[in-house]
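# Geometric and topological summary
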Amino acid sequence: MKPRLVGVALRNYWRPVFVRENPLLFSALMFLAGCAVSYHGGLVTVQEHGVRALFHQRSAFIMFWWFLTFMLTGCYARQYWRQITAGLAAIVPGFLAAEYGAILLMFALVLLVLATPFWGLGAPVLGSLALASIGMVVGGTAGTSAPTGQSRPIRALIGLAILPFMVLAYMPRVFLVVIFAPQLMVALILLVAIGIIVVGLRYFPAQALLQTDALEVTLDRRATRAAPVSVLSAIFAAVGQLIRWQPRFMKTDPLPETLQMQVGPLGSLMGQMLLTSLMLGFDALFGSISDTTERHFLLGVLPQSLVFGLMASGRWLLNRSEWPLLFMGGRYGGRLGFARAMFRAHRRNATQMATSAGLVGMAMLLLLTRMEWAWSILGGLVIAGLLFGLSYATAIPLFWREFGGKGISVFFQVASFAAGTFSLEFGIFIHGLQLVVLPLAVLVVVLGLAMERIGARRLAAMDWPLETDAGMV
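Cut-off values and rules
Every chain is numbered on its own, with residues counted from 1 as its sequence reads. Side-chain atom pairs in this predicted model are given and counted only at pLDDT of 80 or more, local residue features only at pLDDT of at least 70, and totals for whole chains, interfaces and linings cover all residues. Excluding hydrogens and water, the side-chain values take into account all heavy atoms of the structure. Helix and strand labels come from DSSP, where a helix needs a run of H or I of at least four residues and a strand needs a run of E of at least two; each type is numbered from the N terminus. Each residue is assigned to one of three classes by its accessible area relative to the maximum for its type, calculated with a 1.4 Å probe on protein chains only: buried under 20%, partly exposed between the two thresholds, exposed over 50%. Under the convention used here, a 1.4 Å probe and the Shrake-Rupley method define accessible areas, while residue burial counts only the protein chains that appear. Residues grouped as a nonpolar core are buried Ala, Val, Leu, Ile, Met, Phe, Trp, Tyr and Cys residues, joined through side-chain atoms within 4.5 Å. By the convention used here, residues are in contact when the closest approach between their heavy atoms is within 4.5 Å. Cavities and pockets are found on a 1 Å grid laid over the protein atoms alone: a cavity is a set of points where a 1.4 Å probe fits but cannot escape, a pocket is an open set with protein on both sides within 12 Å along at least five of seven lines, and a lining residue has an atom within 4 Å of such a point. Grid points are joined across faces, edges and corners, and a volume is the space filled by probe spheres set on the points. Put simply, Ala, Val, Leu, Ile, Met, Phe, Trp, Tyr, Cys and Pro go in the nonpolar bin, Asp, Glu, Lys and Arg in the charged bin, and everything else, Gly too, in the polar bin. Ring geometry is summarised as follows: Phe, Tyr and Trp rings, the Trp one being its six-membered ring, pair when their centres sit within 6.5 Å, and such pairs are stacked at plane angles under 30 degrees, edge-to-face over 60 and tilted between the two. Here, a charge over a ring is recorded when the distance from Lys NZ or Arg CZ to the ring centre is within 6 Å and its angle to the ring normal is within 35 degrees. An expected span of 1.5 Å times one less than the residue number is assigned to each helix. Think of it as the arc spanned by the lines of direction from the helix axis to the C-beta atoms. A fitted line through C-alpha atoms represents every axis, and for helices the fit uses only the stretch in contact; the resulting angles, taken between N-to-C directions, go from 0 to 180 degrees. The labels follow the angle: roughly parallel below 35 degrees, roughly antiparallel above 145, roughly perpendicular from 65 to 115, and oblique for the rest. A patch is a set of surface residues, each over 30% in relative accessible area and not in a salt bridge, joined within 9 Å for like charges and within 5 Å for the nonpolar side chains Val, Leu, Ile, Met, Phe, Trp and Tyr. Between Lys or Arg on one side and Asp or Glu on the other, a salt bridge is scored when a side-chain nitrogen of the former is within 4 Å of a carboxyl oxygen of the latter. As used in this structure description, the phrase polar contact means that two N or O atoms lie within 3.5 Å; if the pair is within protein, one of them must be able to donate a hydrogen and the other to accept it, and residues adjacent in sequence are counted only when both atoms belong to side chains. Note on charges: Lys and Arg go in the positive column, Asp and Glu in the negative column, and His and the chain ends are not counted at all. Note that the charge is assigned to NZ on lysines, CZ on arginines, CG on aspartates and CD on glutamates.

## Overview of the overall build of the chain
- The secondary structure content of the chain amounts to 21 helices and zero strands.
- In the chain, buried positions account for 47% of the 473 residues.
- Accessible surface computed for the chain: about 23200 Å², of which carbon and sulfur atoms make up 69%.

Encoded structure:
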């Protein structure tokens, strides 16, 4: 690649095109501000008790910094994939190579920026880089979900390598293990993370087009092929029916795919139990490796596993490609009727998600905190209420007719995830059930239901443009 062309490609990361329609930018700025505000508190903790105490106490700075690692990386990954998957990118000589060199340089700069605060607090240099690289692997996968043209063995290897990083990224005890691990282990983590990023960013347009066509053919064949009849397939079919079963009153008319629940109440509960159990198991494993047994580390995992549903609850407002076609079918009458039908479906989905999280959270309160039954039930209701109300956060920009584009909607979605995590962690689990979260849960439920009525009218007044495949890349 030519240095001059790489320099030209780098300029786009400092121009308005990088900011325009970047869905993670506002979220990254929010967590950057949180890091700046909470850094002094972390510095005081380090001066009084040492740098290890910063991780033992689950400081606000650590939480803000961790969210920043993959949000900031995701901003640059999004810009990179938007550039190289454009229609004319493949035919411009040197364009793909220049963009690839530019994103690698930007990621190297991001890695140094993310590690710098820990160096200022006295943390090991290599450990700080390794910890930041884990978050960057998670954020670096946020740019595209489309085929990239890489060979099947390489894709499988990258997937297997990314999976543990995705899981470990939400294990609070990992911070302590990684940053103070032996130098050889830290160097290995850093090399693996850099390797995943470097290989994962490669793009081969001709092969990607062939993979897309092959994927469509495979999906068509699976849709028309009859499933083999056997005892094992019958068992899987029965389990699948159980997972997807929904009571009659929960079923809805045809709506956008993003509002169709793939699982029913039992499936949602089983999924929440599995996710929480996996996170608890991994955290306990790392607790044995690091020889730490503090109970608040274990309790710190729970809020993150319970609020994952918020990251999917607002997708239907971000992808509107199906709206015009479904609306023109005339099933719901006017635009307002269609908008209200979508909000009703969201309410159903949010209720199912929040109820599952509330039940699992109540069980964890009983098992891990030995809280009395009455208080545990109340805690479960608070968890369900908080998640239900926060699920409407993505609709807040409708008050300004979605001023700022989809990026501001993603910002509120991420903000609701962070607010839910902090509320559950510090208001229920680590410090016990605090009275302040009770009126907070009631307030967000009321605001969510009010948002449903107001948001439907706002949504009906907006344009629903037809989105092409190129516009959704």
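Having seen the model, we can carry on.
## Quick notes on the nonpolar core
- Within the largest apolar cluster, 124 residues are counted, with the highest numbers of intra-cluster contacts made by Phe55, Trp65, Tyr76, Phe118, Ile428, Phe429 and Leu459.
- Examining the composition of this core, we find that 16 residues originate from one element, helix α5 (residues 60–84), more than from any other.
- Beyond its immediate sequence surroundings of up to four residues, Leu459 is in contact with Trp316, Leu317, Trp323, Arg335, Ala339, Met342, Phe343, Leu398 and Trp464.

## With respect to the layout of surface pockets
- Taken as a whole, the second largest pocket holds about 570 Å³ of empty space.
- Along the walls of the second largest pocket sit 25 residues, with Met261, Gly309, Ala312, Arg315 and Met353 positioned nearest its centre.
- Residue assignment for the lining of the second largest pocket shows that the elements contributing at least two residues are α13 (265–290), α14 (295–306), α15 (310–313), α16 (315–318) and α18 (335–368).
- Within the lining of the second largest pocket, the residues separate by chemical class into 10 nonpolar, 13 polar and two charged.

## Quick notes on the packing of aromatic side chains
- Considering all chains together, one arrives at 23 aromatic pairs under this definition.
- Here the aromatic rings of Trp65 and Trp66 are separated by 5.8 Å at their centres, their planes lie at 35°, and the arrangement is tilted. Note on accessibility: Trp65 and Trp66 belong to one class, buried.
- Considering the side-chain rings of Phe388 and Tyr392, the 5.5 Å spacing of their centres and the 70° angle between planes classify their relative orientation as edge-to-face.
- Over the aromatic face of Tyr100 sits the side chain of Arg202, whose NZ or CZ is 5.3 Å from the ring centroid.

## Some words on the environment of Gly135
- Considering the arrangement of structural elements, one finds Gly135 in helix α7 (residues 125–140).
- Given a relative accessible area of 0%, Gly135 falls into the buried group.
- In the structure, Gly135 is positioned 24 residues away from Leu111 in sequence and 9.7 Å away in space, judged by C-alpha atoms.

## Side note on the environment of Ser268
- By secondary structure assignment, the location of Ser268 is in helix α13.
- Look at Ser268 and you get buried, because its relative accessible area is 14%.
- As a C-alpha pair, Ser268 and Ala357 span 89 residues in sequence and 9.0 Å in three-dimensional space.
- Discounting chain neighbours no more than four positions away, the residues touching Ser268 are Val263, Gln352, Met353 and Ser356.

## Structural notes on helix α10 (residues 183–200)
- The terminal C-alpha atoms of α10 lie 25 Å apart, and with 18 residues this matches the ideal 26 Å at 1.5 Å per residue to within 8%.
- Among the residues making up α10, those that are buried are Val186, Ile189, Leu190, Ala193, Ile196 and Ile197. Taken down its axis, α10 places every buried residue within 125° of arc, on the same side. The outward face of α10, more than 90 degrees from its buried face, is lined by the exposed residues Leu184, Leu188 and Leu191.

## Digging into the environment of Phe204
- In this fold, Phe204 is placed in the loop between α10 and α11 (205–224).
- Judged by relative accessible area, which is 27%, Phe204 ranks as partly exposed.
- Sequence separation between Phe204 and Gly149 is 55 residues; the distance between their C-alpha atoms is 4.7 Å.
- Each residue touching Phe204, except ones within four places of it in the same chain, is listed here: Thr148, Gly149 and Gln150.

## Quick word on the packing of α5 against helix α6 (residues 95–120)
- For the pair α5 and α6, the least separation of the axes is 10 Å and the interaxial angle reads 170°. The pairing of α5 with α6 is recorded here as roughly antiparallel in orientation. Contacts between α5 and α6 involve Phe61, Ile62, Trp65, Leu68, Thr69, Leu72, Thr73, Tyr76, Ala77, Tyr80, Gln83 and Ile84 from the first element and Phe95, Leu96, Glu99, Tyr100, Ile103, Met106, Phe107, Val110, Leu114, Pro117 and Phe118 from the second.
- In terms of residue class, the contact of α5 with α6 is made up of 19 nonpolar, three polar and one charged.

## Brief notes about a nonpolar patch on the surface
- Together, Ile154, Ile194, Val198 and Val199 make up an exposed nonpolar region whose accessible area comes to about 250 Å².
- The biggest single contributor to the nonpolar patch is α10, with three residues.

## Here's the deal with the side chain of Gln79
- Assignment of secondary structure puts Gln79 in helix α5.
- In terms of polar contacts, Gln79 uses its side chain to reach the side chain of Arg82, at 2.6 Å.
- Setting aside chain neighbours within four positions, we find Gln79 in contact with Asn12, Tyr13, Val17 and Phe18.

## Some remarks on a positive patch on the surface
- There is a patch of like positive charges on the surface, built from Arg340, Arg344, Arg401, Arg453, Arg457 and Arg458.
- The set of elements that each furnish at least two residues to the positive patch consists of α18 and α21 (437–460).
- By residue number, the principal contributor to the positive patch is α21, which donates three residues.
- Counting through the fold element by element, Arg401 comes out in the loop between α19 (373–390) and α20 (406–429).

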